[in-house]
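Chain by chain, the residues:
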Amino acid sequence: MRIRVVNPNTTASMTATIERSARAAAGPGTTIEAVTAAMGPASIESHYDEALAVPGVLAAVADGAGADGFVVACFGDPGLDAARERATAPVVGIAEAAMHAATLVGRGFSVVTTLDRTRGRAWDLAGRYVPAGACRGVHACDLPVLALEDDPTVLERVVERAREALDRDGSDVVVLGCAGLADRCAAVSAELGVPVIDGVAAGVALVEALVRTGVRTSPRGEYAAPPRKPYRGVLSAFGLGGGRGVLDGPSQR
Ligand code: 2AL
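Residues numbered from 1 in each chain as written. Predicted model: local features only at pLDDT ≥ 70, side-chain atom pairs only at ≥ 80, totals over all residues. Heavy atoms only, no water.

What follows concerns the sheet that holds strand S3 (residues 69-72). Reading across the sheet, the 4 strands line up as S2-S1-S3-S4 and stay open at both edges, with parallel pairing between neighbours. Of all the strands in the sheet, just strand S2 (31-36) and strand S4 (91-93) have a single pairing partner and so form its edges. Direction aside, the axes of adjacent strands within the sheet are offset by 20 degrees on average. Taken together, the 3 bridges between S3 and S4 define a ladder with parallel strand orientation. Following the sheet pairing, Val-71 is matched in S4 by Val-92. (Pairing = 2+ DSSP bridges. Helix = DSSP H or I, 4+ residues; strand = E, 2+ residues; numbered from the N terminus. Axes fitted to C-alpha atoms, helices over the stretch in contact; angles between N-to-C directions.)

This is how it looks when you write it as structure tokens:
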């Protein structure tokens, strides 16, 4: 099967980190196609970034004709519902995958993320994805997303925050709150001695499971194809219908 893993930010070096984690998690016979959003912010760490990352995610999904499934590889899960409306293949977000996985291996988890201002979004997503009480805390390392690429203190700061979080929250599992932390997962887990979930790996595994069991997004109800209509201004290419829009790809709805 072919899984398209979309990095919603436009930093190609972060896509390379995401791709390594996705490939390591993929089973034999799975091809990972990691792509960088062609438009949007260099990193996603505000609601503004998040909103403007969505067109790039949708274009990358529309461009993924023939993929058996998609992973949206940013912890805010930008555009996840919209991507499900546009793709016939299953689409999973990394916060969604990580939080669900965490509930299978412990009673409570703590999220360790980048900047303090991203904590609200993580709490919002926890409220949607997992039962009340499963997410016991969301903690920031005070590192901007792009610092994860080259700051030599990343591992030490994530481990320190995660250790405090496990104690303070009384949690059993750590969820990494950024795709840019994917390559630190094994090292953090080795330091802490508890499961540490990287959403990129969890997302790939979850999409593989859905594809293998023949489960796709429902064409009925809220995830049915969106109504066709013109879009204007800089988003005119995103209008559906007429075959001219960037989202009018052949295998998509
Ligand atoms: C993220 C992420 O996963 N990618 C990105 O650009 N921002 N998440 C975060 N909490 O900062």
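After that view, the rundown keeps rolling.
Attention now moves to helix H8 (residues 199-212). Under the 1.5 Å per step criterion, the end-to-end length of H8 is 19 Å for 14 residues, consistent within 8% with the ideal 20 Å. Along H8, the residues that are buried comprise Gly-199, Val-200, Ala-202, Gly-203, Val-204, Val-207 and Glu-208. Structurally, the start of H8 carries an N-cap: the backbone nitrogen of Val-200 is 2.9 Å from a side-chain oxygen of Asp-198. Positive backbone phi, approximately 75 degrees, marks Gly-214, located one or two places after H8. (Expected span 1.5 Å × (residues − 1). Buried < 20%, exposed > 50% of the residue type's maximum accessible area, 1.4 Å probe, protein only. Polar contact = N/O pair within 3.5 Å; in protein donor to acceptor, adjacent residues only side chain to side chain.)

Here the focus is the domain arrangement of the chain. Taken domain by domain, the chain holds domain 1 (2-94 + 203-248) and domain 2 (95-199). Computed from C-alpha atoms alone, the centre-to-centre distance between domain 1 and domain 2 is 23 Å. On the domain 2 side, the residues contacting the 29 residues of domain 1 number 28 residues. Carbon and sulfur atoms supply 55% of the area that domain 1 and domain 2 bury against each other, a total of about 2100 Å² over both sides. Counting across the interface, domain 1 meets domain 2 through 3 salt bridges. A salt bridge links Arg-121 to Glu-50; the shortest N-O distance between them is 3.1 Å. (Domains from an automatic or database assignment. Contact = heavy atoms within 4.5 Å. Buried area = accessible area lost by both parts, 1.4 Å probe. Salt bridge = Lys/Arg side-chain N within 4 Å of Asp/Glu carboxyl O.)

On to the pairing of S2. With 6 bridges joining them, strand S1 (residues 2-7) and S2 adopt parallel strand pairing. Within the sheet, the bridge partner assigned to Arg-4 lies in S2 and is Glu-33. Assessed by its sense of winding, the connection that carries the chain from S1 through helix H1 (residues 12-25) to S2 is right-handed. (Right-handed = clockwise from strand over helix to strand, strands pointing away.)

Below, the discussion takes up the nonpolar core. Core analysis: the largest hydrophobic core is formed by 69 residues, its most contacted members being Val-5, Phe-75, Met-99, Phe-109 and Leu-192. If you tally residues by element for this core, the top one is helix H4 (residues 94-105), at 6 residues. Formed jointly, this core draws a minimum of three residues from each of two domains, domain 1 (2-94 + 203-248) and domain 2 (95-199). Setting aside chain neighbours within four positions, we find Met-99 in contact with Phe-75, Phe-109, Val-111, Ala-122, Leu-125, Ala-126, Tyr-129 and Val-130. (Core = buried A, V, L, I, M, F, W, Y, C linked by side-chain atoms within 4.5 Å.)

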